[in-house]
Amino acid sequence: MADQHLVNRRDFVKTAGGAVAATSLLGSDAFAQTPAGRRRYAIIGTGDRASGMWGRPIRERYSDVLEFVGICDPNSKRVAAAKELMGVSCPTFTNFDEMCNTVKPDLLMVTTVDAFHSEYIVKGLDRGYDVMTEKPMVIDEKQCQAVLDAEKRNKKKIVVTFNYRFAPKHRTVKEILMSNEIGRVVSVDFSWYLDVYHGADYFRRWHRLKNRGGSLWVHKATHHFDLMNWWLGADPVEVQADASLQIYGKNGKFRAANCRQCNYKKDCRFYYDINTNPTRMKLYVGPETEDNYYRDGCVFREDCDIYDSMQAVVRYSNGATMSYSLNAAMPFEGYRVAFNGEFGRLEVRDHERQPWEVPESDATEVYVTKSFGLRRRVPIVQGEGGHGGGDDNLRDQIFRRTPAPDHMRLPDSRAGAMSCLTGIAARKSVEEKRPVKISELVKL
Ligand SMILES: NC(=O)c1ccc[n+]([C@@H]2O[C@H](COP(=O)([O-])OP(=O)(O)OC[C@H]3O[C@@H](n4cnc5c(N)ncnc54)[C@H](O)[C@@H]3O)[C@@H](O)[C@H]2O)c1
């Protein structure tokens, strides 16, 4: 009963399952063209994601529908470097309000450090802009409530750019589940593997601090929890979790501020030579004198307060349960997910990177095994480009408004909230050593 104000399954299925999404940016007035036919587009937070996903490719492919009017970052050197990398000619700013007052955007992209998303989402909504934000939407329940309240007060809907949903392989999984081939899903086993390159990278940067990225429970797992909410067409209800820091942070035998200044370069298996990456030298090393943001920070810094080994059990509104794990120091990268249904099991093994040969045709293996029946292999068409083709599909849907079936509508704040809240509940469960109900956290 306690969950009822939050988990109204019928409403949720409408949104997450995609039956009705009339208020998403797609197909709503929120994305109406300006008289000149081009949106006035601004970005806050101009690091790698802004430059690489929401900067240069946007200028190259969507200039007929968008005009860059301003980009902003507190680091004046980084915003100048990003301007060059994006190849745009708009003015740069170090103050968000000044940018807004000067160039009056109507579409805002939020790509800052996670902890600051909510501040700019709320400001953007209160100024009447259409707002898109990178994941995670927020890092704690207070920020979550602030975003949901700002939407209500402004009668607007944001878009949370969950690119993973838009990879063809993930859409195939969704469509198998929708087809009812395995029937009602009873339970799920989901393990995500971050390897010693990608996983370690989170420990080099601000992500290593809970008050910046909310821990990997939020920063990274929000992707996985969003996929699961969408795949199941259900809400998380309760989370019980455990986690520890086993490899990075205080576990190191030596440390420095960053790899360039380190005396243990030869001994450290996580040594990273940023000099080999000209883009990162420009975007991070040049500007670091302004904010001490080391892109090659030491993975063993003692202030690291997040986890690298995480396990959770999540209970959903449709009665299914999921056992989930996320490990950030694995020898290979990818995931396994299996849905146990009343009529069979759907299994996925995704290979992203591993120290052995995997033929292209086996990069994502998907099988459906029917109870009392046979197993079939599901053919998967791999998408091109970033995140299994998800990045391009998502951008086209946002900016070209490519037609999409209901279950492929753009993710909204509810999706952003439910996925973050799963991680926030997991973090709380670890800290408070108890199961945490999602309904304790926010009022929808
Ligand atoms: N969807 C995906 O697959 C994906 C991939 C990578 C990153 N991301 C998300 O994109 C966002 C940016 O990630 P990134 O890798 O570019 O990080 P980054 O560290 O390269 O960039 C973050 C930027 O935010 C700026 N910043 C710091 N404090 C700020 C403040 N108070 N106000 C405004 N800006 C501030 C920093 O100067 C920096 O330029 C993150 O939220 C991350 O989760 C998403």
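Residues numbered from 1 in each chain as written. Predicted model: local features only at pLDDT ≥ 70, side-chain atom pairs only at ≥ 80, totals over all residues. Heavy atoms only, no water.

The helix and strand inventory of the protein stands at 16 helices and 15 strands. Against the globule reference of 22 Å for 444 residues, the protein gives a C-alpha radius of gyration of 21 Å, in line with a compact fold. Projected onto its principal axes, the C-alpha coordinates of the protein cover approximately 65 × 60 × 45 Å. In the protein, buried positions account for 58% of the 444 residues. (Helix = DSSP H or I, 4+ residues; strand = E, 2+ residues; numbered from the N terminus. Rg over C-alpha atoms; globule rule 2.2 N^0.38 Å. Buried < 20%, exposed > 50% of the residue type's maximum accessible area, 1.4 Å probe, protein only.)

With that settled, the discussion passes to the confidence of the model for the protein. Averaged over every residue, the pLDDT of the protein is 92; the share at 70 or more is 92%. Within the model, pLDDT remains below 50 along residues 1-30, and this stretch shows 68 contacts once partners closer than five positions in the same chain are excluded. (pLDDT = per-residue confidence, 0-100. Contact = heavy atoms within 4.5 Å.)

Moving residue by residue along a regular strand, the side chains alternate between the two faces of the sheet. Side-chain alternation along strand E5 (residues 130-133) places Asp130 and Met132 on one buried face and Val131 and Thr133 on a second face that is also buried. Examined bridge by bridge, strand E4 (residues 107-110) and E5 share four bridges and lie parallel to one another. Looking at E5, one finds that Met109 is bridged to Met132. Handedness of the crossover is the feature at issue here: the chain leaves E4, passes through helix H6 (residues 117-126), returns alongside E5, and the resulting connection is right-handed. (Pairing = 2+ DSSP bridges. Right-handed = clockwise from strand over helix to strand, strands pointing away.)

Turning our attention to the side chain of Thr161. By the element assignment, Thr161 lies in the loop between strand E6 (159-160) and helix H8 (168-179). Residue contacts for Thr161: discarding those within four places in its chain leaves Trp54, Met109, Met132, Thr133, Glu134, Lys135, Leu394 and Ile398.

The subject of this paragraph is the packing of aromatic side chains. Considering all chains together, one arrives at 22 aromatic pairs under this definition. A centroid spacing of 4.8 Å and a plane angle of 50° characterise the contact between Phe225 and Tyr324, whose relative ring orientation is tilted. Here Tyr324 lies in strand E10 (residues 321-330) and Phe225 lies in helix H12 (residues 221-232), a separation of 99 residues in the sequence. Like Phe225, the residue Tyr324 is buried in the burial classification. (Phe/Tyr/Trp six-rings, centres within 6.5 Å; stacked < 30°, edge-to-face > 60°.)

We now examine the nonpolar core. The nonpolar side chains of a soluble globular protein tend to be buried, and buried together. The biggest cluster of nonpolar side chains holds 129 residues, and the ones touching the most others in it are Trp54, Trp217 and Phe339. With nine residues, the top contributor of residues to this core is helix H16 (residues 413-432). (Core = buried A, V, L, I, M, F, W, Y, C linked by side-chain atoms within 4.5 Å.)

Another aspect to go through is the packing of helix H7 (residues 141-154) against H16. Viewed as axis vectors pointing N to C, H7 and H16 meet at an angle of 165°, and their least axial separation amounts to 10 Å. With respect to H16, the axis of H7 lies roughly antiparallel. The element H7 and its partner H16 pack so that their crossing is left-handed. Residues Glu141, Cys144, Leu148 and Glu151 of H7 pack against Ser413, Ala417, Leu421, Ile424 and Lys428 of H16. Its residues assigned to classes, the contact of H7 with H16 shows five nonpolar, one polar and three charged. (Axes fitted to C-alpha atoms, helices over the stretch in contact; angles between N-to-C directions. Parallel < 35°, antiparallel > 145°, perpendicular 65-115°, else oblique. Left-handed = near helix turned anticlockwise from the far one by under 90°. Nonpolar A, V, L, I, M, F, W, Y, C, P; charged D, E, K, R; others polar.)

Let's shift gears to the site of the ligand. Around the ligand, the structure places 26 residues, and the nearest of them are Asp73, Arg78, Asp114, Tyr284 and Tyr293. Here an oxygen atom of the ligand sits 3.4 Å away from a polar atom, N or O, in the main chain of Gly47. Between the ligand and Tyr293 there is a distance of 2.6 Å, counted from an oxygen atom to a side-chain nitrogen or oxygen. Looking at the shell around the ligand, the elements that each hand over two or more residues are helix H2 (48-52) and H6. Classifying every residue of the shell around the ligand gives nine nonpolar, nine polar and eight charged. (Near = heavy atom within 4 Å. Polar contact = N/O pair within 3.5 Å; in protein donor to acceptor, adjacent residues only side chain to side chain.)

Okay, the sheet that holds strand E8 (residues 236-244) next. Across the sheet, nine strands lie side by side as E14-E13-E12-E11-E7-E10-E9-E8-E15; this open sheet has mixed pairing. Single-partner strands in this sheet number two, and they are strand E14 (375-377) and strand E15 (436-437). Where E8 lies against E15, two bridges are found, and the strand directions are antiparallel. Bridged to Glu238 within E15 is Lys437. Helix-sheet contacts for H16 involve E8, strand E9 (309-316) and E15, and the interaxial angle to E8 is about 50°.

Here eight bridges tie E8 to E9, and the two strands are oriented antiparallel to one another. Across the sheet, residue Glu238 finds its bridge partner in E9, namely Arg315. Where E9 meets E10, seven bridges bridge the pair, whose relative direction is antiparallel. The residue bridging Val313 from the neighbouring strand is Ser323, located in E10.

Next up on the list: the sheet that holds strand E3 (residues 92-93). Read from one edge of the open sheet, six strands run E3-E2-E1-E4-E5-E6, paired in parallel fashion. Since the sheet does not close on itself, it has two edges, and those belong to E3 and E6, each with one partner.

Taking 1.5 Å of rise per residue, the 20 residues of H16 would be expected to cover 28 Å, and the 27 Å separating its terminal C-alpha atoms lies within 8% of that figure. Burial within H16 is extensive, with 18 of its 20 residues counted as buried. The N-cap of H16, judged by a side-chain oxygen 3.1 Å from the amide nitrogen of Arg414 a few residues on, is Asp412. Immediately downstream of H16, the backbone of Lys433 shows phi near 50°, a positive value. (Expected span 1.5 Å × (residues − 1).)

Turning to the environment of Ala81, a few remarks are in order. Considering the arrangement of structural elements, one finds Ala81 in helix H4 (residues 76-86). For Ala81, a relative accessible area of 7% gives the class buried. As a C-alpha pair, Ala81 and Asp226 span 145 residues in sequence and 33 Å in three-dimensional space.

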